[in-house]
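These are the residues of each chain, in order.
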Amino acid sequence: MNLQDQVILVTGGTSGIGAACTELFARNGAKVIAASIQEEAGRELANRLNAAGHRCEFQYCDTSREADVKATVEMAVAKFGRLDAVHANAGVLRTQKITDLTVEDFHILFNVNVLGPALICKYAVPVMERQGQGVICFTTSVAAEIGFPAHGVYGATKAAIVALMRSLVTDHSPHGVRFVAVSPGTIDTPMLAASCAGWDKPREAIYADVAQRIPVRRLGQPIDVANTVAFLLSDQAGFINGSVVYLEGGTRCLPPW
Ligand SMILES: NC(=O)c1ccc[n+]([C@@H]2O[C@H](COP(=O)([O-])OP(=O)(O)OC[C@H]3O[C@@H](n4cnc5c(N)ncnc54)[C@H](O)[C@@H]3O)[C@@H](O)[C@H]2O)c1
């Protein structure tokens, strides 16, 4: 994959999957804008990469706020002159059965996981169309397709992203913009660790049990996702459009018994 001098915006680019993407893209020569609500982690990551001779800017951006998203896209273009790619990756997880649903959690899930990527597209797509090229990668989830317990609303947000992507292909790919998605399974990140709170076993024991249920017998690592996104954003993936790439070690292939 060749990302040399590509200007890439990564939302949620300061933790877990997004941080691995920021780091991998920067190490492959890209100019990366890591955007999130994690000021301290963002500045540390950018400082570390810049000190090593790479190019990374942290930008505070609550992706559920239109003004923040607009300012972030404008900052990328003002600073680097263009915007070649976006990884719309920021997301939140809330787990509860529908009988315990709070409207507040529903709004947080849809605002960050659906409105956020939609706003990113609203402001990034016109820039890319003016350039005549660009690519946007979404992070969906296998929870869009598998009925994980207490994941109903989260799964609904992730299914919504795929529907959004398909329509954007129809509207904007004729003007040079590609749209792709990665669908991770169980990836070892702070979000996954937080989801273990309240279980009756230590996190390591839960992870070991889960790994035994995955055909490749391990959890995914953020770098597994980053390697795939780097390829999808590169010109080598130029004919991949509207596709979802599953990164779940083969779990979806298992028989239902
Ligand atoms: N870890 C998994 O197993 C897994 C599986 C499938 C999908 N995903 C998805 O992958 C993406 C990354 O998750 P992760 O596991 O790396 O989690 P993480 O919690 O480590 O990272 C989430 C990132 O999103 C950012 N974020 C949260 N709310 C935000 C907001 N309002 N505005 C801007 N940034 C915000 C956080 O600051 C953080 O940088 C999410 O979209 C998540 O739903 C994760």
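Residues numbered from 1 in each chain as written. Predicted model: local features only at pLDDT ≥ 70, side-chain atom pairs only at ≥ 80, totals over all residues. Heavy atoms only, no water.

What the chain contains, in helices and strands, is 8 helices and 7 strands. Relative to its length of 257 residues, the chain is compact, with a C-alpha radius of gyration of 18 Å against a globular reference of 18 Å. Expressed along its principal axes, the backbone C-alpha trace of the chain runs to roughly 50 × 40 × 35 Å. Scored against the burial criterion, the 257 residues of the chain give a buried share of 48%. Counted over contacts in the chain with a minimum sequence separation of 6, partners at least 24 positions apart contribute 70%. Only carbon and sulfur atoms are counted for the fraction: they give 54% of the accessible area of the chain, which is about 12,100 Å². For the chain, the centre of its 22 positive side-chain charges and the centre of its 24 negative side-chain charges are spaced 3 Å apart. (Helix = DSSP H or I, 4+ residues; strand = E, 2+ residues; numbered from the N terminus. Rg over C-alpha atoms; globule rule 2.2 N^0.38 Å. Buried < 20%, exposed > 50% of the residue type's maximum accessible area, 1.4 Å probe, protein only. Contact = heavy atoms within 4.5 Å. Areas by Shrake-Rupley, 256 points an atom, 1.4 Å probe, with all protein chains shown as cover. Lys, Arg positive; Asp, Glu negative; His and termini not counted. Charge placed at Lys NZ, Arg CZ, Asp CG, Glu CD.)

Domain annotation of the chain identifies domain 1 (7–185 + 221–247) and domain 2 (187–219). Placing a centre on the C-alpha atoms of domain 1 and another on those of domain 2 gives a separation of 24 Å. With 14 residues of domain 1 at the contact, the number on the domain 2 side is 8 residues. Of the roughly 770 Å² buried at the junction of domain 1 and domain 2 (both faces included), carbon and sulfur atoms supply 62%. Ranking the residues of domain 1 by area buried against domain 2 places Leu 93, Gln 221 and Asp 224 at the top, with a combined share of 48%. Ionic pairing is found between Asp 224 and Arg 218, a salt bridge with its closest N-O pair at 2.8 Å. (Domains from an automatic or database assignment. Buried area = accessible area lost by both parts, 1.4 Å probe. Salt bridge = Lys/Arg side-chain N within 4 Å of Asp/Glu carboxyl O.)

To continue, consider the sheet that holds strand E3 (residues 55–60). Spatial ordering of the open sheet is given by E3-E2-E1-E4-E5-E6-E7, a layout of 7 strands whose pairing is parallel. Each edge of the open sheet carries a strand with a single partner, namely E3 and strand E7 (244–247). Averaged over all pairs of adjacent strands, the angle between their axes in this sheet comes to 15 degrees, without regard to strand direction. As judged from the 4 bridges shared by strand E6 (residues 177–184) and E7, these two strands associate in the parallel manner. Residue Ser 183 lies in a different strand from E7, and its bridge partner there is Tyr 246. Where helix H3 (residues 66–80) meets the sheet, its contacts fall on strand E1 (7–11), strand E2 (31–36) and E3, and the angle it forms with E3 comes to roughly 155 degrees. (Pairing = 2+ DSSP bridges. Axes fitted to C-alpha atoms, helices over the stretch in contact; angles between N-to-C directions.)

Before going further, it helps to examine a nonpolar patch on the surface. A cluster of nonpolar residues, Ile 98, Leu 101 and Phe 106, forms a patch on the protein surface that exposes about 270 Å² of accessible area. Within the secondary structure, Leu 101 is located in the loop between strand E4 (85–88) and helix H4 (103–131). Overall, the relative accessible area of 33% leaves Leu 101 in the partly exposed class. (Patch = residues over 30% accessible without salt bridge, like charges linked within 9 Å, V, L, I, M, F, W, Y side chains within 5 Å.)

What follows deals with the state of the cysteines. Think of a disulfide as a covalent bridge from one cysteine sulfur atom to another cysteine sulfur atom. Counted according to the given criterion, the structure contains 0 disulfides. Left unpaired, Cys 21 is separated from the closest cysteine sulfur, that of Cys 137, by 7.7 Å. (Disulfide = S-S within 2.5 Å.)

Next up on the list: the pairing of E4. Here E4 shows no split at all, with Ala 85 and His 87 on one side and Val 86 and Ala 88 on the other all buried. Alignment of E1 against E4, held across 3 bridges, turns out to be parallel. What sits directly across from Ile 8, in E4, is Ala 85. As paired strands, E4 and strand E5 (residues 134–139) are joined by 4 bridges and run parallel to one another. Following the sheet pairing, His 87 is matched in E5 by Cys 137. Read as a crossover between parallel neighbours, the route from E4 over H4 to E5 is right-handed. (Right-handed = clockwise from strand over helix to strand, strands pointing away.)

With that out of the way, let us pick up the site of the ligand. Taken together, 28 residues form the shell around the ligand, and within it Ser 15, Gln 38, Asn 89, Tyr 154 and Thr 189 come nearest. The backbone of Thr 63 places a nitrogen or oxygen atom 2.9 Å from a nitrogen atom of the ligand. Take Tyr 154: an N or O atom from its side chain is 2.6 Å from an oxygen atom of the ligand. Alone, the ligand offers 830 Å² of accessible surface; in the complex the protein occludes 92% of this. Secondary-structure elements contributing two or more residues to the shell around the ligand are helix H1 (16–27), helix H5 (152–172) and helix H6 (190–195). Residue classes in the shell around the ligand are distributed as 11 nonpolar, 15 polar and 2 charged. When residues are assigned to domains, the shell around the ligand turns out to be shared by domain 1 (7–185 + 221–247) and domain 2 (187–219), each giving three or more. (Near = heavy atom within 4 Å. Polar contact = N/O pair within 3.5 Å; in protein donor to acceptor, adjacent residues only side chain to side chain. Nonpolar A, V, L, I, M, F, W, Y, C, P; charged D, E, K, R; others polar.)

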